[in-house]
Amino acid sequence: MPVKELGALHSVGKGIARIDADEKVRGKAQYADDLHVPGAWYGYVVRSPVSHGRLSGLRMDSDFDWSQVVVVTPEDIPGNNIVDMMGRDMPFIAHAEIQYLGEPVALVAAPTRHLACVAGSHIHPDIEEFPPLLTLQEMVAQYKEDPSKLHELSAQTIRKGDADKAVNEADIVMEREYSAGHQEQLYIEPQGMVAVPESDGTMFVHGSMQCPYYINPELCETLDIPPEKLRVKQSAVGGAFGGKEEFPTLLAGYCALLALKAKRPVKIIYDRNQDILFSTKRHPSWSRYRVGLNKDGTIQGIRCEFLLDGGAYTTLSPVVMYRGILHSAMGYRCDNVSIDGHVYRTNTFPNGAFRGFGAPQALWAWESMIDELAEACGMTPHEFRLKNCLHEGDATPTGGLLRDSVGSPEVLEKTLERCNFGEKFKQCSHGRRGEKKWYGIGLSFFAHGSGFTGDGEARIKAKAALDLEPGDNGKPVVNVRISSTEMGQGTCTIMPQVVADAMSIDVRHAYYPMPDTFKVPDSGPTVASRTAMVVGSTVFGAGRKMKADLEAFASEALFEGQPVTLDQDRFRGSYGDKEMSFEEVAAEYLARKGPLRVYDQFQLPDFIKWNQNTFEGDAYPAYSWGCNVAELEVDTLTFEIKVTKVTAYYDIGRLLNPVLAKGQIEGGLVQALGYAMMEKIEVKDGKYDADRMQTYVIPTTLDIPEMDLHFVEYPWEHAQPGAKGVGEIPMDGLAPAIANALVQATGIRMRDLPITPERLFQMMQEEKTA
């Protein structure tokens, strides 16, 4: 059924309160460290003290009483010592070459955390140390000297038209480079996991995670057990932002391997210092552009290299790079595009998923470049964007057609009008002398692909189930059975809303239990701006099926065979005055037939075509669209940069819950503010230098600007009820909008993130000297 034929929705679109709010506010939610597991021991990871080398063995102090603890080394692993992610190149425990400082060399479990830590300190790895490469720039420089030392983890190209010819023949040719460093997710709750070996040979893994069905197949290979003997359940999650996508597989593996040998439950809970030092980060990036323009501002050709620092192992770097290159020229018309994406290995902790997944790095560079292109052809930033932005019916850089649900150019036009951009742009300071504060205003415009890149959704075939069964109070409840997790974004609230409208029942009858792989089908991971659009659509389809089943039951068993319709929580026959409540009919069904389970599976529309080898076609099922305008002031004495206001419009399809959607945007913009201006973390001697909250600076309430946020709704017609992605798009546009505003305030173009007062002062001094 097309979205436009759905009719009135009574629950979707309402800003109902978070269903999980009460238990979290009252401290009743059970996070990983709250889980009471009788007899559990505590795990500890023994790590390499060097960044690169060859491991020849382990020395265990003979004066320590090893009978008090258990120790796991590679020889104790029953299956393959491999983390079965994309590259299959990372061991759970190092056995030969050391690729990063902190790589595990042994695991220890003991009755107390203290004893586990003490035991770990008595294990000493013997390592022949090699020179490490610690940054992307070092790696590329090394390649120029000795190409054989370049280790490429992944590469992909996009080709459309003849970019080199178009650029060479253009009136104006501009070359620029932009870079960004690591970013730490800094969720409230650090990583935590428990593994419980059960009497029937099942391993039960319970903890803080985004993707239960990532852990299941990956751990089965290491433990050498069939999938039905590995149960994975999510506990309450205190934030994730991608940091609990692939990484929990490692922690689950450590716990499970120790639990197997100890023959008892094992728990590992990181403290903040461990979490920052030994978990994944956003990939550092380096974008290099060569773009050709006509004098009238038409983009003739785009040539881009998009480079990522993958860290020591592949992990999810290929798909992060894929999304990055797909957004490196997105948003604007151009018939000639050439993009090369590369991920290179460095001897640092492997980088991984983080909200936006490559798009924030790409769009930071591309939207900064757009402002520079506008200036090169004598146009204002908004005039240039309005001239070149994509419209419905246009083609993307991969040749995909924007058929429908296109919020461009409306989000751009409305944002410009709302903040009076044209007039304020004329008031910018441009570094004028004699002013106490410089004022600037900057703009960014962007699209963000909803769902998995390329053929991802076709391969995943997300499934959802609904169970009609007795609830804890004995009354019938419709339980939403999906592997999509609640991690603070509101899944446990919007999914009951979707069920309520699919079945035309009151939302109080629907409930979302925490995912448990023994109870839920594989809906795919909770990533890639796909939950509301893809899984929400699948839940809606299951709701329609359950509604039809209950209507058929009511007709036959309760309404003497007459056609029955369930509408607004009431079953009504097609003639006569008889009607029954949903609760009454559901109770009758359970009493006579027992629990009811229905399934639905997501299917991409037939017109979505994609070539994974050549990266041609429809890269995403749909796009969310956004526009950010940042206003800022710079103190001319201290160079303090203060973002005073952000104005933004977003098209995220149909708003399932406007209050939660706005919360996602506000939180994402604050996280993007930190990425743009504060969150500086570098690798020194192989180790992150900002390894605690005292040194890793994030925005506080005093840093948050006024936010004027709005939505336009362009529902995606091919997935009821028409939502698109909201979780990642707020990360995309603020950094370039701030950099563009800073140029208008000071006359200085910053091309490296984060943008700090110290760096601004340094660049102004360099320009003054020059």
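Just above sits the structure.
The structure contained in this document is the topic of the report that follows. Because the structure is predicted, anything quoted here is derived from the model rather than measured.

So, how was this worked out
- Residues numbered from 1 in each chain as written.
- Predicted model: local features only at pLDDT ≥ 70, side-chain atom pairs only at ≥ 80, totals over all residues.
- Heavy atoms only, no water.
- Helix = DSSP H or I, 4+ residues; strand = E, 2+ residues; numbered from the N terminus.
- Rg over C-alpha atoms; globule rule 2.2 N^0.38 Å.
- Buried < 20%, exposed > 50% of the residue type's maximum accessible area, 1.4 Å probe, protein only.
- Contact = heavy atoms within 4.5 Å.
- Expected span 1.5 Å × (residues − 1).
- Pairing = 2+ DSSP bridges.
- Axes fitted to C-alpha atoms, helices over the stretch in contact; angles between N-to-C directions.
- 1 Å grid on protein atoms, 1.4 Å probe; cavity = no way out; pocket = protein on both sides within 12 Å on 5 of 7 lines; lining within 4 Å.
- Points joined across faces, edges and corners; volume = space filled by probe spheres on them.
- Nonpolar A, V, L, I, M, F, W, Y, C, P; charged D, E, K, R; others polar.
- Parallel < 35°, antiparallel > 145°, perpendicular 65-115°, else oblique.
- Domains from an automatic or database assignment.
- Left-handed = near helix turned anticlockwise from the far one by under 90°.
- Salt bridge = Lys/Arg side-chain N within 4 Å of Asp/Glu carboxyl O.

1. Focus: the overall build of the protein chain
When you go through the protein chain residue by residue, the secondary structure sums to 19 helices and 31 strands. For 770 residues, the compact-globule estimate of 2.2 N^0.38 gives 27 Å, and the C-alpha radius of gyration of the protein chain, at 27 Å, lies within 12% of that figure. Overall, the protein chain is about 85 × 80 × 50 Å in size when its C-alpha atoms are taken along their principal axes. Each of the 770 residues in the protein chain was classed as buried or not, and the buried ones make up 62%. Sequence-distant contacts in the protein chain: of pairs separated by 6 or more residues, those separated by 24 or more amount to 80%.

2. Description of helix H17 (residues 658-677)
When the terminal C-alpha atoms of H17 are compared, their 28 Å separation across 20 residues agrees well with the 28 Å that a helix rising 1.5 Å per residue should span. In terms of burial, H17 is largely enclosed, as 14 of its 20 residues are buried.

3. Considerations on the sheet that holds strand S26 (residues 622-635)
With mixed pairing, 4 strands are arranged side by side in an open sheet as S16-S26-S27-S30. A strand with exactly one partner marks an edge of an open sheet, and here the two such strands are strand S16 (437-450) and strand S30 (706-711). Pairs of neighbouring strands in the sheet enclose a mean axial angle of 15°, with direction left out of account. Where strand S27 (residues 641-651) lies against S30, 6 bridges are found, and the strand directions are parallel. Its bridge partner being in S30, Lys645 is matched across the sheet by Glu706. Each of S26, S27 and S30 is contacted by H17, which is oriented at about 130° to S30, the strand it contacts most.

4. Quick word on the side chain of Ser285
Structurally, Ser285 is set in strand S13 (residues 285-293). For Ser285, a relative accessible area of 2% corresponds to the buried category. Apart from residues no more than four positions distant in its own chain, Ser285 is found in contact with Leu136, Tyr178, Ser179, Ala180, Phe306, Leu307, Leu308 and Gln361.

5. Regarding empty space enclosed by the protein
Under the defined criterion, the tally for this structure stands at 3 cavities of 30 Å³ or more. Space inside the largest cavity adds up to approximately 150 Å³. Together, 19 residues line the largest cavity, and Leu401, Leu402, Tyr620, Pro621 and Ala622 are the ones closest to its centre. Counted by class, the lining of the largest cavity contains 12 nonpolar, 4 polar and 3 charged residues.

6. Let's talk about the packing of helix H9 (residues 359-376) against helix H10 (residues 381-388)
Closest axis-to-axis distance for the H9/H10 pair is 8 Å, and the angle between their directions is 105°. Relative to H10, the element H9 is oriented roughly perpendicular. Contacts between H9 and H10 involve Glu367, Ile370, Asp371, Leu373 and Ala374 from the former and Pro381, Phe384 and Arg385 from the latter. Here the residues of the contact of H9 with H10 sort into 5 nonpolar, no polar and 3 charged.

7. Notes on the layout of surface pockets
There is about 940 Å³ of room inside the second largest pocket. Considering the residues around the second largest pocket, the lining is formed by 37 residues, among which Asp472, Tyr511, Tyr512, Pro513 and Met514 are closest to the centre. Where the lining of the second largest pocket is concerned, the elements lending two or more residues are helix H1 (21-25), strand S11 (230-234), strand S18 (476-481) and strand S19 (510-511). Taken together, the residues that form the lining of the second largest pocket break down as 15 nonpolar, 8 polar and 14 charged. Here the lining of the second largest pocket gathers at least three residues from each of two domains, domain 1 (21-29 + 462-601) and domain 2 (34-131 + 189-270).

8. Thoughts on the packing of helix H14 (residues 491-503) against helix H15 (residues 531-557)
The N-to-C vectors of H14 and H15 enclose an angle of 40°; their axes lie 8 Å apart at closest approach. Considering the angle they form, H14 stands oblique to H15. For the pair H14 and H15, the crossing hand works out as right-handed. Contacts between H14 and H15 involve Thr491, Ile494, Met495, Val498, Val499, Asp501, Ala502 and Met503 from the former and Thr531, Ala532, Val535, Gly536, Val539, Phe540, Gly543, Arg544, Met546, Lys547 and Leu550 from the latter. Each residue belonging to the contact of H14 with H15 can be placed in one class, and the counts come to 12 nonpolar, 4 polar and 3 charged.

9. Details of unusual backbone geometry
Note the cis peptide between Ser408 and Pro409, where omega equals 5°. Structurally, the position occupied by Pro409 is in the loop between H10 and helix H11 (410-419). The omega torsion across Leu753 and Pro754 is 0°, close enough to zero to call that bond cis. Tracing the chain through its elements places Pro754 in the loop between strand S31 (752-753) and helix H19 (757-769). In this structure, Ser529 takes a positive phi of about 50° despite not being glycine. Note that Ser529 resides in the loop between S19 and H15. With relative accessibility at 12%, the residue Ser529 sits in the buried group.

10. Notes on the pattern of salt bridges
Under the defined criterion, the tally for this structure stands at 51 salt bridges. Here Arg403 ties to Asp618 by a salt bridge, and the two come within 3.1 Å at their closest N and O atoms. Of the two residues, Arg403 is situated in the loop between H10 and H11 and Asp618 in the loop between strand S25 (616-617) and S26; the sequence distance between them amounts to 215 residues. A residue is classified by how much of its surface remains accessible, and Asp618, at 7% relative accessible area, is buried. In this structure, the salt-bridge partner of Asp708 is Arg418, at a minimum N-O distance of 2.7 Å. Residue Asp708 is located in strand S30, and its partner Arg418 is located in helix H11; the two are separated by 290 residues in the primary sequence. Here Arg418 falls in the partly exposed class, since its relative accessible area comes to 45%. When salt bridges that share partners are traced, they join Arg18, Asp20, Lys24 and Glu486 into one network.

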